[in-house]
Amino acid sequence: MWTLGLFRNELVTTFRRWRTIALLGVLAAVPILIGISIKVETRGGPPAGGGGEGPAFIAQITNNGLFLVFTALAVTLPFFLPMAIGVIAGDAIAGEANAGTLRYLLVAPAGRTRLLLTKYATTMTFCLVATLVVAVSAFAVGALLFPLGELTTISGTRIGFAEGLGRALLIALVVAASLTGVAALGLFVSTLTNSGIAAMATTVGLVITVQILDQIPQLHAFQPYFFSHYWLSFADLMRDPVYWDDLVRDLGLQGLYAAVFGSAAWARFTAKDITA
């Protein structure tokens, strides 16, 4: 098994890069922009049309700032979060090869399998941190600009603020887990090239392509197998009782993608001729 020391070094290296800090900064800014926009739009009263336009939960933000957490995650999940994960995962191996440091990382007792597992664990840690950055930023802005209190669920029932806060945290964890497949895909792509930029661009391009295909009606038979198909199922956590079917499908599908592309990345990386 890989050592905690190697994992700690990878975490420090990843989160000290200006690119990582910039990605987290952009993710934190999205809820701020959403909150300010809604506050300005509703300053003179409810928006025209009842405020029902936009992503899920957006009409409820003016009544309860905690809904900004759900809205921010719904806005960032289709593009911003996968893009950030694609950048980190795509650069995991290819970036080291491009910088000429990959050979030095493979000296004993690291090993290829241990290094690959460490890279994936680091990417998944970034998934969690990035999702929490969005959630915490949204909660802070929501608490500052809007009232807090009891929440009305999608089912029409009311729950206490503490329970709503717990569901917000659970939703953030589910969103992070929903990016498991993208992380594994990016890591696999990263083993195919020595160019970090090419790996990052390819991963982000694949994420965008899959989401476009997921919107084409003629492909409905294949869409349940796209890793992005059940991403927004986290909204079911705001039902009372919680509707688990699509959530379980989402997590199961992510596990399948992680197993397939993780195995492919391991097969490629362990047999790859390391020259850089």
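Predicted model, so just to flag it, every value in this text is computed and none were measured. (Residues numbered from 1 in each chain as written. Predicted model: local features only at pLDDT ≥ 70, side-chain atom pairs only at ≥ 80, totals over all residues. Heavy atoms only, no water.)

**Considering the overall build of the protein**
Per the secondary structure count, the protein includes ten helices and two strands. Along the protein, helices and strands appear, N-terminal first, in the series α-α-α-α-α-α-β-β-α-α-α-α. Counting across all 276 residues of the protein, residues that qualify as buried make up 46%. Nonlocal contacts in the protein, meaning residues at least 24 apart in sequence, comprise 76% of its contacts between residues at least 6 apart. In the structure as shown, the protein presents an accessible area of about 12800 Å², 68% of it carried by carbon and sulfur atoms. (Helix = DSSP H or I, 4+ residues; strand = E, 2+ residues; numbered from the N terminus. Buried < 20%, exposed > 50% of the residue type's maximum accessible area, 1.4 Å probe, protein only. Contact = heavy atoms within 4.5 Å. Areas by Shrake-Rupley, 256 points an atom, 1.4 Å probe, with all protein chains shown as cover.)

**Focus on the environment of Leu11**
For Leu11, the location among the structural elements is in helix α1 (residues 4-15). Other than its neighbours up to four places away in sequence, Leu11 contacts Thr122 and Thr125.

**Let's talk about the nonpolar core**
Among the nonpolar cores identified, the biggest contains 57 residues, and Val69, Phe70, Leu73, Phe126, Ile171, Phe227 and Phe234 are the most heavily contacted of them. A total of eight residues in this core trace back to one element, the largest contributor, which is helix α6 (residues 112-145). Ala97, Leu115, Leu187 and Ala265 belong to the second-largest nonpolar core, a separate cluster that totals ten residues. (Core = buried A, V, L, I, M, F, W, Y, C linked by side-chain atoms within 4.5 Å.)

**As for unusual backbone geometry**
Geometrically, the link from Asp240 to Pro241 is a cis peptide bond, its omega value of 5° lying close to zero. Examined against the element boundaries, Pro241 turns out to sit in the loop between α9 (196-213) and α10 (245-271).

**Digging into the pattern of salt bridges**
Under the definition given, this model contains seven salt bridges. A salt bridge links Arg19 to Asp91, with the nearest nitrogen and oxygen atoms 2.7 Å apart. Taken as a pair, Arg19 in helix α2 (residues 18-41) and Asp91 in helix α4 (residues 80-99) lie far apart in primary sequence, 72 residues in all. Residue Asp91 is classed as buried on the basis of its relative accessible area, which comes to 11%. As a salt-bridge pair, Glu150 and Arg158 come within 3.1 Å of each other at their nearest N and O atoms. (Salt bridge = Lys/Arg side-chain N within 4 Å of Asp/Glu carboxyl O.)

**With respect to the environment of Ala183**
Checked against the element boundaries, Ala183 lands in helix α8 (residues 180-190). Between the C-alpha atoms of Ala183 and Thr122, which are 61 residues apart in sequence, the distance is 10.0 Å. Excluding anything up to four places from it in sequence, Ala183 contacts Ile85, Ala89, Tyr120, Thr123, Met124 and Cys127.

**Comments concerning α2**
Its 24 residues place the ends of α2 34 Å apart at the C-alpha level, agreeing with the 34 Å of an ideal helix rising 1.5 Å per residue. Turning to α2, its buried residues are Thr20, Leu23, Leu24, Leu27, Val30, Pro31, Ile34, Gly35 and Ile38. On the buried face of α2, the contacting elements are α1, α3 (67-76), α4 and α6. (Expected span 1.5 Å × (residues − 1).)

**Let's talk about the packing of aromatic side chains**
Two aromatic rings, taken as a pair, are described by how far apart their centres are and by the angle between their planes. Counted under the stated rule, the structure contains seven aromatic pairs. Taking the centre distance of 5.9 Å and the plane angle of 50° together, the rings of Phe188 and Phe261 count as tilted. Taken as a pair, Phe188 in helix α8 and Phe261 in helix α10 lie far apart in primary sequence, 73 residues in all. Their ring planes at 15° and their centres at 5.9 Å tell us that Tyr257 and Phe261 sit as a pair that is stacked. Here Tyr257 pairs with Phe261, and both are found in helix α10, just four residues apart, close to one helical turn. With a relative accessible area of 16%, Tyr257 lands in the buried category. Three or more aromatic residues joined by ring pairs make a cluster, and in this case those are Phe188, Phe227, Trp231, Tyr257 and Phe261. (Phe/Tyr/Trp six-rings, centres within 6.5 Å; stacked < 30°, edge-to-face > 60°.)

**Some points on the packing of α8 against α10**
At a closest axis distance of 8 Å, the pairing of α8 and α10 adopts a crossing angle of 15°. By the angle class used here, α8 and α10 are roughly parallel. As α8 packs across α10, the resulting crossing turns out to be left-handed. Across from Thr180, Gly181, Ala184, Leu185, Leu187 and Phe188 in α8, the residues of α10 making contact are Gln254, Tyr257, Ala258, Phe261, Gly262, Ala264 and Ala265. Residues that form the contact of α8 with α10 fall into these classes: nine nonpolar, four polar and no charged. (Axes fitted to C-alpha atoms, helices over the stretch in contact; angles between N-to-C directions. Parallel < 35°, antiparallel > 145°, perpendicular 65-115°, else oblique. Left-handed = near helix turned anticlockwise from the far one by under 90°. Nonpolar A, V, L, I, M, F, W, Y, C, P; charged D, E, K, R; others polar.)

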